[in-house]
Amino acid sequence: MIRREHPADRPAILGVVRAAFRQDDTEPVEVGLTEKLFTDGYVPELSLLAVVDGTIVGYVIGSRGVNFGVGIGPLAVLPEFQGTGVGTALMYALIGASEAVDIPVLALLGDPGYYSRFGFRAGSDVGVESPDPAWGHFFQALQLSAGPVNGSFRYAKPFDELE
Ligand SMILES: CC(C)(COP(=O)(O)OP(=O)(O)OC[C@H]1O[C@@H](n2cnc3c(N)ncnc32)[C@H](O)[C@@H]1OP(=O)(O)O)[C@@H](O)C(=O)NCCC(=O)NCCS
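Criteria and thresholds
In this convention, every chain numbers its residues from 1, walking through the sequence in written order. pLDDT decides what is reported in this predicted model: residues at 70 or higher carry local features, side-chain atom pairs at 80 or more are listed and counted, and totals for whole chains, interfaces and linings draw on all residues regardless. By convention in this description, side-chain values take in all heavy atoms of the structure and omit both hydrogens and water. Categorising residues by exposure relies on relative accessible area from a 1.4 Å probe, with only protein chains included: less than 20% of the type maximum marks a residue as buried, more than 50% marks it as exposed, and the intermediate range marks it as partly exposed. Helical segments are the DSSP runs of H or I of at least four residues, strand segments are the runs of E of at least two, and each set is numbered from the N terminus. As used here, the arc belongs to the directions running from the helix axis to the C-beta atoms. We call two residues in contact when some of their heavy atoms are within 4.5 Å. To estimate the expected span of a helix, count its residues, drop one, and scale the result by 1.5 Å. Put simply, a residue is near a molecule or strand once any heavy atom of it comes within 4 Å of that molecule or strand. Polar contacts here mean pairs of N or O atoms no more than 3.5 Å apart (in protein, one a potential hydrogen donor and the other a potential acceptor; neighbouring residues in sequence count only if both atoms are side-chain atoms). Exposure was quantified through the Shrake-Rupley algorithm and a 1.4 Å probe, taking into account, for residues, occlusion by the shown protein chains and nothing else. Side-chain classes are defined by residue name, with Ala, Val, Leu, Ile, Met, Phe, Trp, Tyr, Cys and Pro counting as nonpolar, Asp, Glu, Lys and Arg as charged, and the others, Gly among them, as polar.

Asker: What is the right way to look at helix H2 (residues 29-39) in this model?
Answerer: Three or four residues apart is the spacing at which side chains of an α-helix point the same way, because the helix has 3.6 residues per turn. Residues of H2 that are buried: Glu30, Val31, Leu33, Thr34, Leu37 and Phe38. The buried residues of H2 occupy an angular sector of 165° when the element is viewed end-on, so they sit on one face. Lining the buried residues of H2 we find helix H1 (10-21), strand S2 (42-52), strand S3 (55-64), strand S4 (70-77) and helix H5 (157-160).

Rendered as structure tokens:
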């Protein structure tokens, strides 16, 4: 099941983000980023979690761009549930929820091999310029029914504080 997050879910959500992004013994930056987004920029309708047998196994968050649109991420699935369709379900739910609340455009930084299946294209191909040209085709955007909106995208402030 995909449902909206409630504040009581946050410790479990941060656990999912930590497990998904962990590479060594250090805390992944995505954990602190998610916590900051809860207080600065997140869109409650686009803070969605996936539940399997009562356990939170995946999470995705959308946050308001400074100038327009919504930035997506982190998207995280517990390692033992990866490759079972949870990330796909979260992304389709997020796109549907974004349509429902008239978000005009979604933007993200990620692997085109994964996100192209949801309709995301290189930002420059759909009129959404990257905050950092060095990101190249990894910066992607999806225009929704309330769009198109064109311009230079800027993520919510907590993204600026990433190392
Ligand atoms: C990336 C992630 C969210 C995908 O979620 P998931 O539930 O594992 O993915 P799904 O089961 O819905 O989809 C699996 C498909 O995506 C593909 N896929 C998964 N990660 C991919 C990646 N990084 N690049 C390209 N394809 C990827 C798989 O090969 C599989 O393809 P198939 O359907 O053709 O067999 C998840 O693996 C994860 O949490 N990874 C660690 C954190 C991360 O990298 N988050 C994304 C940051 S942009």
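Asker: Before we go on, may I ask you to explain H1 in this structure?
Answerer: Here H1 spans 16 Å end to end across 12 residues, near enough to the 16 Å set by a 1.5 Å rise per residue. Along H1, the positions that sit buried rather than exposed are Ile13, Leu14, Val16 and Val17. The arc that holds every buried residue of H1, seen down its axis, measures 155°, which confines them to one face. Looking at the buried positions of H1, the neighbouring elements they touch are H2, S2, S3 and S4.

Asker: Help me understand the site of the ligand, please; the structure alone is not making it clear to me.
Answerer: Of all residues adjacent to the ligand, which total 18 residues, the nearest are Val77, Gly83, Gly85, Gly87 and Thr88. Residue Thr88 places a side-chain N or O atom 2.5 Å away from an oxygen atom belonging to the ligand. Between the ligand and Arg117, the relevant distance is 3.2 Å, taken from an oxygen atom to a side-chain nitrogen or oxygen of the residue. Alone, the ligand offers 900 Å² of accessible surface; in the complex the protein occludes 61% of this. Listing elements by their share of the shell around the ligand, those giving two or more residues are H1, S4, helix H3 (86-100) and helix H4 (112-115). Tallied by class, residues from the shell around the ligand come to nine nonpolar, seven polar and two charged.

Asker: Any chance you could explain the side chain of Thr34 here in plain terms?
Answerer: Position of Thr34 relative to the elements: it lies in helix H2. With near-sequence residues (within four places) excluded, Thr34 lies in contact with Leu14, Val17, Tyr59 and Pro74.

Without other data, these values stay purely geometric and don't point to any function.
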